[in-house]
Amino acid sequence: MSDKKQVMVFIEQSEKKIGAVSLELICEAGRLAKKLSAEVVGVALGYGIGEELAALGHYGCKTVYYVEDERLSHFTSNPYAKSVVSIIRKQQPEIVLFGATTTGRDMAPRIASALKCGLTADCTELQIGEYKSKGELFENAFLQMRPAFGGNIMATIVSPESFPSMATVRPGVMQLDTPDASRTAEVLVEESDLSDEDFLTEVIEVVRREKTVNLSVAQIIVAAGAGAADPETLALVRKLAVTIGAELAASRPLVDAGLLSHDHQVGQTGTTVRPNLYIACGISGQIQHRAGMVESQRIIAINSDPDAPIFRIAHYGIVGDLNAVIPKMIAAYKEKA
Ligand SMILES: Cc1cc2nc3c(=O)[nH]c(=O)nc-3n(C[C@H](O)[C@H](O)[C@H](O)COP(=O)(O)OP(=O)(O)OC[C@H]3O[C@@H](n4cnc5c(N)ncnc54)[C@H](O)[C@@H]3O)c2cc1C
């Protein structure tokens, strides 16, 4: 166990590639660690990924505890959870962060249950701050914020009396810092204490469904809402996206109606995006949609209702019918391009 406090990040890897969410969490862990005078450490499982793990130092990770075992090349619930529990017991970190991915959502509750500690799922903001309970003051409590009751309130969840505090965070939510290639992480290979009986399932083949769109890295996004649900209007929105070189996204009603795949959905139950430009076409701007795009650098909203909530967060608002506004935008863009 290190004599310094630790903020630990579970490092996701698939086919020797580190998950983007793990890099985001290392950066966020760095911000939390600063307030706790702690260091950022990672816990990783796999085989033959030592070099990739050392590069996590670029993002501020000091040490990676690495259980190297060929049987851990692919994620399976039981052995992964058991290995992470054993590293947490050994290192005693203050905080442990997981991506709210299928892997993180599978593992984190198993680990919390084994350690009998608090876990908050799907956090959108993390802070270190004061917390008072039953007359007791916790000075450096881990405050875990997440939308609750269908996104109508933001709840702050604290579990200062259980140890460690754990949270899952959705991909794309935390800011990725610029990497510093001069720093590398120390990779400490840990003994695997797994027996063959721990492997209850065997991965025979990994079949990948290619994403139709990757919104989390898009710099320009044109998003269609229920106001663009008819085929002609949706075709216009798509044309705008193609013209300006943007990715096409959608609000949930379009996805629920089967007009676009779930990969296109932005929001609480879709992807979180931070593009340079987000053009919302016929989107009212309900909290569940805003949660996924409010961090965009510039937001343009087009809506026929001047009171639509989207205008409250838009940098530029156009009140009008999409069928009238979009052709003018396309013509103006082509004229200037
Ligand atoms: C648990 C939960 C999770 C959710 N997750 C998500 C999520 O991840 N993402 C998400 O988007 N939603 C999500 N929702 C749904 C969310 O609450 C809203 O219902 C949804 O965002 C509304 O989508 P919209 O703005 O496209 O549709 P609407 O609210 O119906 O708005 C359509 C807008 O289009 C405008 N309009 C109509 N015709 C035109 C036209 N011709 N020209 C210009 N403007 C026009 C209207 O004025 C209106 O403002 C979730 C809901 C719940 C309960």
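Okay, so let's go over this structure. Keep in mind that what you see is a predicted model, and the values were worked out from it rather than measured. (Residues numbered from 1 in each chain as written. Predicted model: local features only at pLDDT ≥ 70, side-chain atom pairs only at ≥ 80, totals over all residues.)

**Examining the overall build of the chain**
For the chain, the helix and strand inventory stands at nine helices and 17 strands. Computed over the C-alpha atoms, the radius of gyration of the chain is 22 Å, within 12% of the 20 Å expected from 2.2 N^0.38 for a compact globule of 337 residues. Projected onto its principal axes, the C-alpha positions of the chain cover 65 × 55 × 40 Å. Counting over 337 residues, the chain shows a buried share of 41%. Taking the contacts inside the chain whose residues are at least 6 apart along the sequence as the reference set, 66% of them involve residues at least 24 apart. (Helix = DSSP H or I, 4+ residues; strand = E, 2+ residues; numbered from the N terminus. Rg over C-alpha atoms; globule rule 2.2 N^0.38 Å. Buried ≥ 20, exposed ≤ 12 C-beta atoms within 10 Å, placed from the backbone. Contact = placed C-beta atoms within 7 Å.)

**Some remarks on the site of the ligand**
Not every one of the 27 residues close to the ligand is listed here, only the nearest: Gly 225, Gly 227, Arg 252, Gly 267 and Ser 284. Those elements that place two or more of their residues in the shell around the ligand are α6 (252-256), α7 (287-290) and β16 (298-303). Here the shell around the ligand is built from residues that sort into seven nonpolar, 17 polar and three charged. (Near = placed C-beta within 6 Å. Nonpolar A, V, L, I, M, F, W, Y, C, P; charged D, E, K, R; others polar.)

**Things to note about helix α5 (residues 231-244)**
Residues separated by three or four positions in an α-helix point in the same direction, a consequence of the helix having 3.6 residues per turn. Compared with the 20 Å implied by 1.5 Å per residue over 14 residues, the 20 Å span of α5 between its first and last C-alpha is a close match. Here α5 has its buried residues at Leu 234, Leu 236, Val 237, Leu 240 and Ala 241. Projection of α5 onto a plane perpendicular to its axis shows the buried side chains occupying an angular sector of 155 degrees, all on one side. Pointing more than 90 degrees away from the buried face of α5 are the exposed residues Pro 231, Glu 232, Ala 235 and Val 242. (Expected span 1.5 Å × (residues − 1). Arc of directions from axis to C-beta.)

**Let's talk about the packing of helix α3 (residues 77-91) against helix α4 (residues 102-115)**
In the contact formed by α3 and α4, the axes pass within 9 Å of each other and the chain directions differ by 50 degrees. On the basis of their axis angle, the class for α3 and α4 is oblique. Relative to α4, α3 is oriented so that their crossing is right-handed. Facing α3, whose interface residues are Ser 77, Tyr 80, Ala 81, Val 84, Val 85 and Ile 88, α4 presents Asp 106, Met 107, Arg 110, Ile 111, Ala 114 and Leu 115. Residues belonging to the contact of α3 with α4 are distributed by class as follows: nine nonpolar, one polar and two charged. (Axes fitted to C-alpha atoms, helices over the stretch in contact; angles between N-to-C directions. Parallel < 35°, antiparallel > 145°, perpendicular 65-115°, else oblique. Left-handed = near helix turned anticlockwise from the far one by under 90°.)

**Considerations on the sheet that holds strand β9 (residues 136-148)**
With antiparallel pairing, three strands are arranged side by side in an open sheet as β8-β9-β10. Sheet topology places β8 (125-133) and β10 (153-157) at the edges, where each strand pairs with a single neighbour. If you compare each strand with its neighbour and ignore which way they point, the axes differ by 40 degrees on average. Strands in contact with helix α1 (residues 20-36) are β8 and β9; relative to β8, the strand with the most contacts, it is inclined by about 35 degrees. (Pairing = 2+ DSSP bridges.)

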